Amino acid sequence: MGMRRFRLVVLPAVLLFVAAACGGDGGDEGGGGGEDTGTVNVLSALEPEEAAVLNGIIGDLINPNVDYTAEVEASADFEEQVQIRAEGGTLDIILLPQPGAVVDQAASGNAVALEDMGFDIADLQATFGEYFLSLGEYQGKHYGIPTNINLKSMVWYPKDDFDKAGYTVPTTWDEMIALSNQIKADGGTPWCVGYESGGATGWPATDWMEDIMLATAGQDVYTQWVKHEIPFNDPAVVNAGQLFGDIMFAPGYVLGGADQTPAIAFGDAPGPMFDDPPKCWLHRQASFITAFFPPEAEAGVDYDWFPFPAIDQQGTLFAGELAVVFRDAPEVKDFLTRFMAEDVQCAMGSEPGSSRISPNVNVGPDCYPNPILAGASEVLTAGLSGGTAGFDASDQMPPAVGSGSFWTGMVEYMQDGPSSLNSVLDSIEKSWPAS
Amino acid sequence: MKTSTHDPASATEVVAEAPPAGGGAVWIPLLRLVGALVVPLVGFFALWATFDFLRDENANRGLVVGVAIVVGVGGVFFLFWAMDRLVSLLPARYREGVRPYVFVGPGLVILSVFLVYPVINTILISFKDARSESFVGLDNFKFVFTDESMLRSIRNTAGWIIVVPLFGVSIGLAFATLADRLRRGEAVAKSMIFLPMAISFAGASITWKLIYAFRPEGFGTNIGLLNGIMLGLGQQPVPWLQEQPWNNLFLMVIMIWMQTGFAMVVLSAAIKSIPDEIIEAARIDGASELQVFRRIMIPSILPTIVVVTTYMVINALKVFDIVFVVGSAETNGTEVIAERMIRWFFISANDGRAAAIAVVLFLAIIPVMIWNVRRFREQEATR
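Residues numbered from 1 in each chain as written. Chains lettered and ligands numbered in written order. Predicted model: local features only at pLDDT ≥ 70, side-chain atom pairs only at ≥ 80, totals over all residues.

J.: Please set out the overall build of chain B residue by residue, giving values where relevant.
T.: A tally of regular secondary structure across chain B gives 16 helices and zero strands. In terms of overall dimensions, chain B has C-alpha extents of about 85 × 65 × 50 Å along its principal axes. In chain B, buried positions account for 32% of the 383 residues. (Helix = DSSP H or I, 4+ residues; strand = E, 2+ residues; numbered from the N terminus. Buried ≥ 20, exposed ≤ 12 C-beta atoms within 10 Å, placed from the backbone.)

Structural data, given as structure tokens:
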């Protein structure tokens, strides 16, 4: 009986303990959220290696000159940590890769507006371009300082074979079509395209659409499209979809055909470009794709890139990261000012372990020893200060569209062919959430 | 104490069947209520407050954890000890009527907090909008039964709950029967079939994703096993996971592969428990092996078959991991109900729709559960 009685007590006891432990769970690093803590903490979802690079630069160029210690923290459970520490008041700065999340933080009331911090907005606009800064705008105030940027409007080609075949880099859409036709006439296949990405299948196709939207309708209409101020089946979007289809559905343009593209992993897609002779000659993808190239392929020799050409105008599609402030303190402002200054940003670009590009338009391409980054930086700077840049639209749209119907709609378009464009755009429009 | 109070569940049963003797008609229910709900609730919130207090302290973390464990375990232990003492203070005739409730109480509280409350809340949210702010009536349910993708998911789920148990149980039964006749190596053969059971759904899905892997011509070597075979036979590679509607079947194969082992082990145990005399008697009477199987074995193990089948039906209703890991359900047309729920809640951030889907799934599982419980009761009664 004694043992039974013991078990009888212990089972609920353990359950209750577990329940209580869950109720009282949560991280609680660091001290209380006082005003001057002598530290500036930057919470991020960066890879630990990248955070280490940033910390090295901060340790060299910022910390020795100030009376606080700044540190970048890479957190694996970033979103959870932001929640907990925002409530606990132990958060100084966070780095967010989505403008939508910046607005969410502003709406939650935890984030501090840059105006309230004493930043000169006109100054920031001159540094980062009006457009990028406006992405963190909420109820007339700005909440996000751009800290990183990467280029999506890139078309890759096998440079050595390309030069040998006598092809030239196109600068306009018509030239690109002419080049495609020439490649086809020479017996090759111009494009390699792959949209498969597990549960996110279709996103590379949305990048195509966004690039074409920017280069046809321009930044203002693009922004209206993102904010749903024009419908998703607006003539401007239909036009972009048709141009997209002109490449995808032209016979002999796409290796394997458009209907196969949703089954080809986006990482496998550029592979045939490195065959000898190349099985395809052009591949549109953001800068990260070089990680999927064959390891022996050399930049500038085996492959190179050109910016996605202008159609009715130039367009520069990019993605990036914004810093949001949670503690209104002079040292936080001082840190951000120093962090975004040209010398620190330039040092970051010359770090071989980092692929960050500065959104500060005053940081020249000379800061990047890597020629791909240098070239991308040049294009981005021109886009940001010239008003032709656009932030990845699907990342800004409501998730039901931006990581839902937009992806699947583009896949449907590829599978069902040119005639399905209108019905695809109609159904994406219908899926846009009400409020 | 009564003899069969080895666990809280049977404790309620015993008391429910045999109401305590003696008067105190008003006092006993009241005392039971206090014992069963109020005392654990007070204890629970006392603990909660302690942990909250501990969390806010700036002490050494290790120390805080240590104190928390001591307070947590000790506190709960003290709570039960104190309640037991309190019950002992009651007059003798109330004592045994109240004691079980005191011990079941914490279980009831936890059940209500973590099961009953979420269910009620989910039903409430299913009538609200995406951010669960204002009521939208039946809009979310209208969505569930009109959206193309949702309808596909309902159709696919129906396919899952028919195909997976059908093949899982049949193949499991065949293996169990045949393995039973092996002179040697039965254990090895059964272990081989049972092995996939040890893999997680996500892991198995990734394995099968590689089996189905596809690359069109020009995009490098086909690394998938099936397409390797196709090429070996001189055929073109096939994008298995994009071939609608067959890709649904290819996903079901994964679950069948994983669960056949379970069916086999349980059914094999049932077959072994059939008395040898019955089977031998049938054989002596001239029954063929097929007749023995159909007329003797199947009826004898029918209750087990039913239990295994319901288990598989419920698993198939809840399937999510396989569909989610293998690829984009929406573009491949392989949506299932549970996958839609996760999608709408976590990815598309629409609480109302996700909750409505959850409610539909919940309602779909209830009949199976009721049937299962009823079968179980019948079996208990005949034992």
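J.: I'd love a proper account of the overall build of chain A, names of residues and values included.
T.: What chain A contains, in helices and strands, is 17 helices and eleven strands. Expected size for 435 residues packed as a compact globule is a radius of gyration near 22 Å; at 25 Å, chain A falls within 12% of this value. A total of 435 residues make up chain A; the buried ones form 47% of that total. Here the analysis covers contacts within chain A between residues at least 6 apart in sequence; of these, 76% occur between residues at least 24 apart. (Rg over C-alpha atoms; globule rule 2.2 N^0.38 Å. Contact = placed C-beta atoms within 7 Å.)

J.: Give me the domain arrangement of chain B: which residues, what numbers.
T.: Its domain assignment divides chain B into domain 1 (8-125) and domain 2 (142-382). On a C-alpha basis, the centroid separation for the pair domain 1 of chain B and domain 2 of chain B is 40 Å. (Domains from an automatic or database assignment.)

J.: So what about unusual backbone geometry? Which residues, and what values?
T.: That bond from A:D276 to A:P277 is cis: its omega, -5°, falls within 30 degrees of zero. In the segment running from B:Q244 into B:P245, the intervening peptide bond is cis, with an omega of -5°. Inspection of the secondary structure assignment puts B:P245 in the loop between α9 (225-232) and α10 (246-272). Backbone geometry places A:Q139, a non-glycine residue, at a positive phi of 50°. Take A:Q139: it is sitting in the loop between β4 (137-138) and β5 (141-142). Among the residues examined, A:Q139 registers 9 C-beta atoms within 10 Å and is labelled exposed.

J.: Outline the packing of helix α12 (residues 289-317) of chain B against helix α16 (residues 351-382) of chain B, supporting the account with residue identities and numerical values.
T.: Residue and element names in this part refer to chain B. At a closest axis distance of 10 Å, the pairing of α12 and α16 adopts a crossing angle of 165°. One element, α12, and the other, α16, form an angle in the roughly antiparallel class. Crossing handedness for the pair α12 and α16: left-handed. Of the residues in α16, those touching α12 at P303, V306, T310, V313, I314 and L317 are L361, A364, I365, V368, W371, N372, R375 and Q379. Here the contact of α12 with α16 is built from residues that sort into ten nonpolar, three polar and one charged. (Axes fitted to C-alpha atoms, helices over the stretch in contact; angles between N-to-C directions. Parallel < 35°, antiparallel > 145°, perpendicular 65-115°, else oblique. Left-handed = near helix turned anticlockwise from the far one by under 90°. Nonpolar A, V, L, I, M, F, W, Y, C, P; charged D, E, K, R; others polar.)

J.: Go over the domain arrangement of chain A, please, and point to the residues and values.
T.: Residue and element names in this part refer to chain A. Structurally, chain A comprises domain 1 (39-150 + 319-386) and domain 2 (154-314 + 397-431). One C-alpha centre belongs to domain 1, the other to domain 2; they are set 30 Å apart. Contacts between domain 1 and domain 2 engage six residues on the former and eight residues on the latter. The element contributing the most residues to the side of domain 1 that touches domain 2 is helix α14 (residues 371-386), with four residues. Of the residues that constitute the side of domain 1 that touches domain 2, the class distribution is five nonpolar, one polar and no charged.

J.: Quick rundown of the pairing of strand β1 (residues 39-44) of chain A? Include the residues and the values.
T.: Residues and elements named next belong to chain A. Burial of β1 is extensive: five of the six residues sit out of reach of the surface. Pairing of β1 with strand β3 (residues 93-96) involves two bridges; the strand directions are parallel. Looking at the pairing, L43 lines up with I94 of β3. (Pairing = 2+ DSSP bridges.)

J.: Account for the nonpolar core, with residues named and values stated.
T.: Of all hydrophobic cores here, the largest spans 169 residues; its most connected members are A:I93, A:I94, A:W191, A:M213, A:V324, B:M255 and B:I357. Sorting elements by how many residues they give to this core places helix α10 (residues 203-226) of chain A first, with twelve residues. For A:W191, the residues in contact, after removing those within four places along its chain, are A:I247, A:Y253, A:V254, A:L255, A:C280 and A:L282. Residues B:L31, B:V76, B:F80 and B:M83 belong to the second largest nonpolar core, which totals 13 residues. (Core = buried A, V, L, I, M, F, W, Y, C linked by C-beta atoms within 7 Å.)

J.: Please set out the pairing of strand β6 (residues 144-151) of chain A residue by residue, giving values where relevant.
T.: All names here are of chain A. Counting buried residues along β6, eight of its eight residues qualify, which places the element largely inside the surrounding structure. Pairing of β6 with strand β10 (residues 316-325) involves seven bridges; the strand directions are antiparallel. Note that in β10 the partner of N150 across the bridge is A319.

J.: How would you explain the confidence of the model for chain B if you had to name every residue and give the values?
T.: All names here are of chain B. Per-residue pLDDT for chain B averages 85, and the proportion of residues at 70 or more is 92%. This stretch, residues 1-22, has a pLDDT under 50; its non-local contacts, to residues over four places away or in other chains, come to 21 contacts. Overall fold confidence for the complex sits at a pTM of 0.81, while the interface term, ipTM, reaches 0.74. (pLDDT = per-residue confidence, 0-100.)

J.: Give me the sheet that holds strand β7 (residues 154-157) of chain A: which residues, what numbers.
T.: Pairing is antiparallel in the open sheet, where three strands are placed in the order β8-β7-β9 (chain A). Where the open sheet ends on each side, the last strands, each with one partner, are β8 (283-284) and β9 (304-307) of chain A.

J.: Tell me about the environment of B:Q242, and please be specific about residues and values.
T.: Relative to the assigned elements, B:Q242 resides in the loop between α9 and α10. Along the sequence, B:Q242 and B:F346 sit 104 residues apart, while their C-alpha atoms lie 24 Å from each other. Among residues more than four places away in sequence, those in contact with B:Q242 are A:P262, A:A263, B:N247 and B:N332.

J.: Give me the lowdown on helix α8 (residues 201-211) of chain B, citing residues and values where you can.
T.: Residue and element names in this part refer to chain B. Among the residues of α8, those classed as buried are A204, S205 and W208. With its buried residues spanning 100° around the axis, α8 presents them on a single face. Structurally, α8 contributes buried residues whose contacts are with α10 and α13 (321-326). (Arc of directions from axis to C-beta.)

J.: An account of the environment of B:T177 is requested, with residue identities and associated values reported.
T.: Residue position: B:T177 is located in helix α6 (residues 148-180). Taking C-alpha positions, B:T177 is 25 Å from B:N372, a pair spaced 195 residues apart along the chain.

J.: Residues and numbers for the packing of helix α15 (residues 337-347) of chain B against α16(B), please.
T.: All names here are of chain B. Between α15 and α16, the least distance of the axes is 8 Å, while the angle of their chain directions is 160°. If you check the angle between α15 and α16, you find them roughly antiparallel. As for how α15 packs across α16, the hand of that crossing is left-handed. On α16, the residues that touch I337, A338, R340, M341, W344 and F345 of α15 are D351, R353, A354, I357, A358, V360 and L361. Residues that form the contact of α15 with α16 fall into these classes: ten nonpolar, no polar and three charged.

J.: Provide a residue-level description of the environment of A:I94, including the pertinent values.
T.: All names here are of chain A. Within the secondary structure, I94 sits in strand β3. Taking C-alpha positions, I94 is 33 Å from P231, a pair spaced 137 residues apart along the chain. Not counting chain neighbours up to four residues away, the residues in contact with I94 comprise L43, S44, V82, V324 and F326.

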